[in-house]
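# A look at the structure
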Amino acid sequence: MERDTSNVSLERRAYAIRRNALLMGEVQGQGYIGQALGAADLLAVSYFHALNYRADDPEWEGRDRFLLSIGHYAIALYAAMIEAGILPEAEIETYGMDDSRMPMSGMAAYTPGMEITGGSLGHGLGIAVGIALGLKRKNNPAFVYNMMSDGELGEGSTWEAVMSGVQWKLDNLIAIVDFNDQQADGKTTDALAQVPEAGRWEGFGWFAQEIDGNDMDALVAAFDAARAHSEPVPRVIICQTKMCKGVPFLEEREITHFVRVEPEEWARALTILDEDRPNE
Amino acid sequence: MNDASLSRRKSKYTPRTMPVSKNGSKLTTSAMIASLDAEGRETVAAPFGHALVDLAKTRDDIVGLTADLSKYTDLHVFAKAYPDRFYQMGMAEQVMISAAAGLAREGFTPFATTYAVFASRRAYDFICMAIAEENLPVKIVCALPGLTTGYGPSHQATDDIAIMRAMPNLTVLDPCDATEIDQATRAIADHPGPVYMRLLRGNVPNVLGEYGYKFKLGKAQMIREGRDVLFVSSGFMTMRVLDVAKRLQADGVDCAVLHVPTIKPLDVETIAAEAAKGGRLVVTAENHSITGGLGEAVGAALMRAGVHVPFRQIALPDAFLDAGALPTLHDQYGISVDAVTASVKAWL
């Protein structure tokens, strides 16, 4: 049995992911911590509810493929993979260091469990289309998840992949959009994503769900519905998330793409997180 | 905005008379089915498509993808033989390349086809990051290399080698004729990394067979020996310089031809050894811009190897080229047999 069956609550998993991310941020004194805190809940549901994988065999043929299109979210995925036992906890202190297996932008050649090299945005969904086609050729029932950002919705290649996924009836493809409404220069909705997001995907023929991406019950329901949906179409879960979720003093900070955290604030953030530590 | 600023290229719009060829026939734009100087020469139909079909008989991992150009890259031959292994990705080069990367990740060997301009310019980042950076065995096979269409800069890939040469991990091929395309297709299928191959399609001239040539990936090979000039050539320019060599023979000029179908990795050892023999004018010849192609690669390699010899380049100019009929354009830009012959004579 590959799917997580432990009794540890998803809230506790999300807490651990946030904690791992903060510890890594502290190592470098920087990092995309706002995104990591915001996406911790959807990563907890991915790795401890939805995905099939073997922690000790990241290349197991039967695994669900989880692609991180947004390379700069690597800190978040490392945090999740450490909690999942794919990466050892001891390597947290190597984050972003020379010779580390956890560089600041996610790359397949560096890290066990990192399926693709992300970072050049608008790539993941197209690669996911090819992987989904390949899995079907092999009659492999695994799913392909592509974790992407709202900013990537501005890339034309994303929409090529959106159309292609429908054309090839890729019911084994699940896109997860982390919609935190932040990109490098400001709000995503001030740039190229002004219209209701789910409607765009539905217009192309996808099974689209738009949810509060920091609501654990909503996430579980959406992932379950995405997997169980019976029509031969690709699926998208648009997760409205809050940058820096779980650390109120950072949530209230004037939010930018790259959240600045002062040296002494890492410990304060960890303390606040620990005060609300959920039960197992 | 005044009228003057709108008429930047006004000279092109002045009335013209119908051009005629040397034998009196009308010269028309030879568009997308460009057949290269095939007058009286043996040709082979769709060598890439047929080689791929043949390979696929024993290789279940081979799949084909195209971005709406199967008919114009000879992939339609494969599509017809193996419809369930053919992916029509639509007019979407970026997702075609990304999907090819995904298929390669799942253990397949994808052959992805489009025109050279679209792969090198439009899909560059996707080839670079999804395929080359991860060293995936995707074979990108592209028609209309260099000046093989009269449609103008939108379709003339005069810069593709320069673009692709700069990409780490990528093997770059510029084969000469039907024989070589057949053999190279089989060789790159066996190569474990990514490949960019320039393609001649349709009825492709067959010239290397008579020289007993056999393609070897990564190897430059002497096609013809000679004492006065050493041509170092790739693609169909090898065909051209072989003709030039025959012409110059009549004038007492003895030309050697070193064919270099693998532009990257370049066979520096063979090229340097031949150039170092001395006493010969080294002339590179390529169907590509003078910037960043075979000529500059060879020039730099010789400098690094300490081989200092007289050196000239036959190449297209660093410019956006005109539209028109290919014979006219090849004369105009110095890559026809006449033009190369004249250039070499002037250099000797």
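Every value quoted in this text rests on a predicted model; they were computed, and no experiment measured them.

### Description of the overall build of chain B
If you tally the helices and strands in chain B, you get 13 helices and 14 strands. Taking 2.2 N^0.38 as the reference for a compact globule, 348 residues should give roughly 20 Å; the C-alpha atoms of chain B span a radius of gyration of 20 Å, in line with that estimate. Judged by the C-alpha coordinates and their principal axes, chain B covers about 60 × 55 × 40 Å.

### Focus: the overall build of chain A
When helices and strands are counted, chain A shows nine helices and five strands. Computed over its C-alpha atoms, the radius of gyration of chain A comes to 17 Å, within 12% of the 19 Å expected for a compact globule of 280 residues. A burial count over chain A gives 55% of its 280 residues as buried. Residue pairs at least 24 apart in sequence account for 77% of intrachain contacts in chain A once pairs closer than 6 positions are excluded.

### Some thoughts on the domain arrangement of chain B
Residues and elements named next belong to chain B. The domain architecture assigned to chain B consists of domain 1 (43-205) and domain 2 (218-347). The C-alpha-based centres of domain 1 and domain 2 are spaced at 25 Å. Within the residue set of the side of domain 1 that touches domain 2, elements represented by two or more residues are α7 (160-165), β6 (171-173) and α8 (178-190). Class assignment for the residues of the side of domain 1 that touches domain 2 results in 14 nonpolar, six polar and six charged.

### Quick notes on the nonpolar core
With 202 residues, the main nonpolar core has Ala36(A), Ile75(A), Ala76(A), Tyr78(A), Val129(A) and Phe231(B) as its most contacted residues. For this core, the element with the highest residue contribution is helix α2 (residues 33-50) of chain A, accounting for twelve residues. Counting the residues that make up this core, at least three belong to each of domain 1 (43-205) and domain 2 (218-347) of chain B. Once residues within four sequence positions are removed from consideration, Val129(A) is found in contact with Ala161(A), Ser164(A), Gly165(A), Trp168(A), Leu170(A), Leu173(A), Val95(B), Ser98(B), Ala99(B) and Gly102(B).

### Some thoughts on unusual backbone geometry
Note the cis peptide between Lys264(B) and Pro265(B), where omega equals 0 degrees. With respect to the helices and strands, the residue Pro265(B) is situated in the loop between β12 (262-264) and α10 (268-276). The residue Asp99(A) is not glycine, and still its phi comes out positive at about 65 degrees. Its place among the elements puts Asp99(A) in the loop between α3 (74-83) and α4 (124-137). Phi angles above zero are rare outside glycine, and Asp74(B) is one such case at about 65 degrees. Within the secondary structure, Asp74(B) is located in the loop between β2 (62-66) and α3 (76-81). The class of Asp74(B) is buried, set by 26 C-beta atoms lying within 10 Å.

### Quick notes on the pairing of strand β13 (residues 281-289) of chain B
Residue and element names in this part refer to chain B. Taken across its nine residues, β13 has eight buried, putting it largely inside the fold. Pairing of strand β10 (residues 229-233) with β13 involves five bridges; the strand directions are parallel. From the neighbouring strand, Val232 faces β13, where its bridge partner is Thr284. Both β13 and strand β14 (residues 311-316) contribute to a ladder of five bridges, which runs parallel. Bridged to Val283 within β14 is Arg312. The parallel pair β13 and β14, bridged by helix α11 (residues 294-304), forms a crossover whose chirality is right-handed.

### With respect to the environment of Leu51(A)
All names here are of chain A. Relative to the helices and strands, Leu51 is located in the loop between α2 and β1 (65-68). When the 21 C-beta atoms within 10 Å are taken as the criterion, Leu51 is described as buried. Distance from Leu51 to Arg65, taken between C-alpha atoms, is 8.3 Å for residues 14 residues apart in sequence. Setting aside anything within four residues of it in sequence, one finds Leu51 in contact with Ser46, Asp64 and Phe66.

### Observations concerning the packing of α4(A) against helix α4 (residues 93-105) of chain B
Direction vectors running N to C along α4(A) and α4(B) enclose 45 degrees, while the axes themselves pass 6 Å from each other. Here α4(A) lies oblique to α4(B), going by the angle between them. When you trace α4(A) past α4(B), the crossing you get is right-handed. Between α4(A) and α4(B), the residues in contact are Gly126(A), Ile127(A), Ala128(A), Val129(A), Gly130(A), Ile131(A), Leu133(A) and Gly134(A) and Gln94(B), Val95(B), Ser98(B), Ala99(B), Ala100(B), Ala101(B), Gly102(B), Leu103(B) and Arg105(B), respectively.

### Quick notes on the interface of chain B and chain A
Across the contact, 21 residues belong to chain B and 21 residues belong to chain A. Only α4 and α6 (124-132) of chain B provide two or more residues apiece to the side of chain B that touches chain A. Per-element tally for the side of chain B that touches chain A: the top contributor is α4(B), with nine residues. Within the side of chain B that touches chain A, the residues separate by chemical class into twelve nonpolar, four polar and five charged.

### Considerations on the sheet that holds strand β3 (residues 86-88) of chain B
All names here are of chain B. Overall, mixed pairing links the seven strands, which are arranged β3-β2-β4-β5-β7-β6-β12 in an open sheet. The sheet terminates laterally at β3 and β12, the two strands that pair on one side only. Each adjacent strand pair in this sheet contributes to an overall mean axis angle of 20 degrees, direction not counted. The pairing of β2 with β3 spans three bridges and is classified as parallel.

### Comments concerning the sheet that holds strand β3 (residues 173-179) of chain A
Residue and element names in this part refer to chain A. Across the sheet, which stays open at both edges, the five strands sit in the order β1-β2-β3-β5-β4 with parallel pairing between neighbours. Unpaired on one side and paired on the other, β1 and β4 (207-212) mark the two borders of the sheet. Shown here is a sheet whose adjacent strand axes are inclined to one another by a mean of 20 degrees, direction ignored. Note: β1 against strand β2 (residues 144-149), four bridges, orientation parallel. Bridge pairing in β2 links Phe66 to Tyr145. Running at roughly 160 degrees to β3, α2 makes contact with β1, β2, β3 and β5 (235-240) of the sheet. Contacts from helix α6 (residues 197-204) reach β3, β4 and β5, with the element oriented near 170 degrees to β4.

Conventions we followed
- Residues numbered from 1 in each chain as written.
- Chains lettered and ligands numbered in written order.
- Predicted model: local features only at pLDDT ≥ 70, side-chain atom pairs only at ≥ 80, totals over all residues.
- Helix = DSSP H or I, 4+ residues; strand = E, 2+ residues; numbered from the N terminus.
- Rg over C-alpha atoms; globule rule 2.2 N^0.38 Å.
- Buried ≥ 20, exposed ≤ 12 C-beta atoms within 10 Å, placed from the backbone.
- Contact = placed C-beta atoms within 7 Å.
- Domains from an automatic or database assignment.
- Nonpolar A, V, L, I, M, F, W, Y, C, P; charged D, E, K, R; others polar.
- Core = buried A, V, L, I, M, F, W, Y, C linked by C-beta atoms within 7 Å.
- Pairing = 2+ DSSP bridges.
- Right-handed = clockwise from strand over helix to strand, strands pointing away.
- Axes fitted to C-alpha atoms, helices over the stretch in contact; angles between N-to-C directions.
- Parallel < 35°, antiparallel > 145°, perpendicular 65-115°, else oblique.
- Left-handed = near helix turned anticlockwise from the far one by under 90°.

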